[in-house]
There are 2 protein chains.
Amino acid sequence: MNVKDAVSAFNDYLQSQGLKLTRQRALITEVFFDPAKRADHPTVEELYLRVKGRDSTVGHATVYRTLKLLVDGKLATPNRIGEDLTRYEPEVPGEHHDHMVCAECGLIIEFEDAEIERLQEQVAARHGFALRDHSMNLVVAPRGDCARADCLKGAAGEARGAGAAR
Amino acid sequence: MNVKDAVSAFNDYLQSQGLKLTRQRALITEVFFDPAKRADHPTVEELYLRVKGRDSTVGHATVYRTLKLLVDGKLATPNRIGEDLTRYEPEVPGEHHDHMVCAECGLIIEFEDAEIERLQEQVAARHGFALRDHSMNLVVAPRGDCARADCLKGAAGEARGAGAAR
DNA sequence: CTATATGCAAAACGTTTGCATCCCT
DNA sequence: AGGGATGCAAACGTTTTGCATATAG
């Protein structure tokens, strides 16, 4: 999903709700879906600062409010990966992935595993429920040294969709 | 792990750190490990209120500070199951489980699945990491009506109906 | 035009911390 | 006795909200 599609999808959502695509909302969405930053999971503050860099008049509240709308419109997902801050990640409709965070350097790796998801549904079913959503975060440690920049040393990119550093 | 063992284990930890087992710390630990409440995952506020019921002089800060010590001592685990609040759960050394939360009523069910855990290790290994820890939360919905006797639907205050609205 | 959105600053929330006092060991 | 520990309230950082003004459609 490129920037233009994201803004367009957001606009569709806004219109369906009788809301408006303002200059600020478009800008925030553009910055959030900026291809150069797609791998990270910004906090509201980080996103606010990036937005501010392009338009210093945008206020804190607008970023919070817009992020909430993006979540409602399924274009963003809040994620509490670490411990404290809420991070948001750009969402590509239809795709799903979980996270792996390196305990040494904090690198966040995305992955998906169909087999695990199948088992999750089984577990829910076993308790009489239907699986509606899930979150899974693995805390991992490198085997050997952690070289920060490329913590995935030796990680021959197998498991597809593992959009780690690139 | 019963109440007495928990307090004792906490005391061991405290002594190892040159800290003291005070009346308040013992009380908070007792309340936290109260068998009648072992299934739930109290927020700091909930625990504070329960403690306050037994000794109204205990302050907010002490509960926060003690909970942090319990976490350091591996007797408690912070868990962000729903969306907002941090919930703490009594930890039994050697045991592990994940959570399933009902989107309708907020009921939290604990489960463990060896197969999923095995796959998690595989995923980590596939990326060149060793699995150190993980958290997994399933958001589920009852099939049809929630017929569970322990369905918390309508139970204000406790476990807020996670997720749902999206 | 009118409903919605904005920016600001203040409020609200959970959590932490400084400090004078208190209490374990 | 003395180094923790406590309770209180003030401080904190994040997120929300009230309000007067600005703007999209």
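Please refer to the structure placed before this passage.
Quantities reported herein were computed from a predicted structural model and do not represent experimental measurements.

Focus on the overall build of chain A
Counting its regular elements, chain A contains 5 helices and 5 strands. For chain A, the α and β elements follow one another from N to C terminus as α-α-α-α-β-β-β-β-α-β. Counting only residues that meet the buried cut, chain A has 41% of its 166 residues in that class. Taking contacts inside chain A between residues at least 6 apart in sequence as the whole, the part at least 24 apart equals 52%. Surface summary for chain A: the accessible area is close to 8700 Å², and the carbon and sulfur share equals 48%.

Digging into the sheet that holds strand 5 (residues 129–142) of chain A
Taking strand neighbours across the sheet as the criterion, the 6 strands line up as 4(A)-3(A)-5(A)-5(B)-3(B)-4(B) in an open arrangement whose pairing is mixed. With one partner strand each, in any of the chains shown, strand 4 (108–111) of chain A together with strand 4 (108–111) of chain B form the two edges of the open sheet. Averaged over all pairs of adjacent strands, the angle between their axes in this sheet comes to 20°, without regard to strand direction. Bridge count for strand 3 (residues 98–102) of chain B against strand 5 (residues 129–142) of chain B is 4 bridges, and the pairing is parallel. Paired with M100 of chain B across the strands is L138 of chain B, a residue of strand 5 of chain B. The strands touched by helix 5 (residues 114–126) of chain A within the sheet are strand 3 (98–102) and strand 5 of chain A together with strand 3, strand 4 and strand 5 of chain B, with strand 5 of chain A carrying the most contacts at an inclination of about 130°. The sheet strands contacting helix 5 (residues 114–126) of chain B are strand 3, strand 4 and strand 5 of chain A together with strand 3 and strand 5 of chain B, and the helix crosses strand 5 of chain B at an angle near 130°.

A word on the protein's contact with DNA strand C
If you check the shell around DNA strand C, you find 20 residues, and the closest are T22, R25 and T62 of chain A together with Y64 and K68 of chain B. Atoms of DNA strand C within 4 Å of the protein belong to the sugar or the phosphate in 72% of instances, the rest to bases. Within the side chain of K20 of chain A, an N or O atom sits 3.1 Å from a base nitrogen of DNA strand C. With respect to DNA strand C, the side chain of Q24 of chain A contributes an N or O atom lying 2.9 Å from a sugar or linking oxygen.

Brief notes about the packing of aromatic side chains
Residue and element names in this part refer to chain B. This structure, assessed with the given rule, holds 2 aromatic pairs over all chains. Ring geometry for F32 against F33: centres 5.3 Å apart, planes inclined by 85°, an arrangement best described as edge-to-face. A single burial state applies to F32 and to F33, both of which are buried.

Focus: the packing of helix 5 of chain A against helix 5 of chain B
Direction vectors running N to C along helix 5 of chain A and helix 5 of chain B enclose 160°, while the axes themselves pass 10 Å from each other. One way to sum up the angle between helix 5 of chain A and helix 5 of chain B is to call them roughly antiparallel. Here helix 5 of chain A runs over helix 5 of chain B; the crossing is left-handed. Residue-level inspection shows E115, I116, L119, Q120 and V123 of chain A of helix 5 of chain A in contact with helix 5 of chain B, the latter providing E115, I116, L119, Q120 and V123 of chain B. Among the residues making up the contact of helix 5 of chain A with helix 5 of chain B, the classes are represented as 6 nonpolar, 2 polar and 2 charged.

Some points on the interface of chain A and chain B
Facing the 46 residues of chain A at the interface are 38 residues of chain B. With both chains or domains summed, chain A and chain B bury close to 3800 Å², and 60% of this area falls on carbon and sulfur atoms. Among the residues of chain A in contact with chain B, F129, R132 and R143 of chain A are the three that bury the most area, contributing 18% of the side total. Seen at the junction of chain A and chain B, the total is 2 salt bridges. Here R126 of chain B ties to D113 of chain A by a salt bridge, and the two come within 3.9 Å at their closest N and O atoms.

A short note on the relation of the copies chain A and chain B
Once chain A has been moved 0.0 Å along the axis and rotated by 180°, it coincides with chain B to within an RMSD of 0.4 Å. Such a combination of turn and shift is consistent with a two-fold rotation axis. Looking at the rotation axis and the C-alpha trace of chain A, the residue lying nearest is M136 of chain A, at 2.1 Å. Most of the interface of chain A is mirrored in chain B, where 76% of its interface residues are also at the interface.

What about the protein's contact with DNA strand D?
Surveying the vicinity of DNA strand D reveals 19 residues, the closest of which are K68 of chain A together with K20, T22, R25 and T62 of chain B. Counting only atoms of DNA strand D within 4 Å of the protein, the fraction found in sugar and phosphate groups is 68%. One nitrogen or oxygen atom from the side chain of Q24 of chain B is found 2.9 Å from a sugar or linking oxygen belonging to DNA strand D. A distance of 2.5 Å is found between a phosphate oxygen of DNA strand D and a side-chain nitrogen or oxygen belonging to R25 of chain B. Going through the elements one at a time, helix 4 (60–72) of chain A together with helix 2 (23–32) and helix 4 (60–72) of chain B are the ones with two or more residues in the surface near DNA strand D.

Comments concerning helix 5 of chain A
If you check helix 5 of chain A, its first and last C-alpha atoms are 18 Å apart, about what 13 residues at 1.5 Å a residue would give, namely 18 Å. Those residues of helix 5 of chain A hidden inside the fold are in contact with strand 5 of chain A together with strand 3, strand 4, helix 5 and strand 5 of chain B. The N-capping residue of helix 5 of chain A, defined by a side-chain oxygen 3.0 Å from the backbone nitrogen of E115 of chain A, is D113 of chain A. G128 of chain A lies just past helix 5 of chain A and shows a positive phi near 85°.

Conventions we followed
- Residues numbered from 1 in each chain as written.
- Chains lettered and ligands numbered in written order.
- Predicted model: local features only at pLDDT ≥ 70, side-chain atom pairs only at ≥ 80, totals over all residues.
- Heavy atoms only, no water.
- Helix = DSSP H or I, 4+ residues; strand = E, 2+ residues; numbered from the N terminus.
- Buried < 20%, exposed > 50% of the residue type's maximum accessible area, 1.4 Å probe, protein only.
- Contact = heavy atoms within 4.5 Å.
- Areas by Shrake-Rupley, 256 points an atom, 1.4 Å probe, with all protein chains shown as cover.
- Pairing = 2+ DSSP bridges.
- Axes fitted to C-alpha atoms, helices over the stretch in contact; angles between N-to-C directions.
- Near = heavy atom within 4 Å.
- Polar contact = N/O pair within 3.5 Å; in protein donor to acceptor, adjacent residues only side chain to side chain.
- Phe/Tyr/Trp six-rings, centres within 6.5 Å; stacked < 30°, edge-to-face > 60°.
- Parallel < 35°, antiparallel > 145°, perpendicular 65-115°, else oblique.
- Left-handed = near helix turned anticlockwise from the far one by under 90°.
- Nonpolar A, V, L, I, M, F, W, Y, C, P; charged D, E, K, R; others polar.
- Buried area = accessible area lost by both parts, 1.4 Å probe.
- Salt bridge = Lys/Arg side-chain N within 4 Å of Asp/Glu carboxyl O.
- Least-squares fit on C-alpha atoms with pLDDT ≥ 70 in both.
- Expected span 1.5 Å × (residues − 1).

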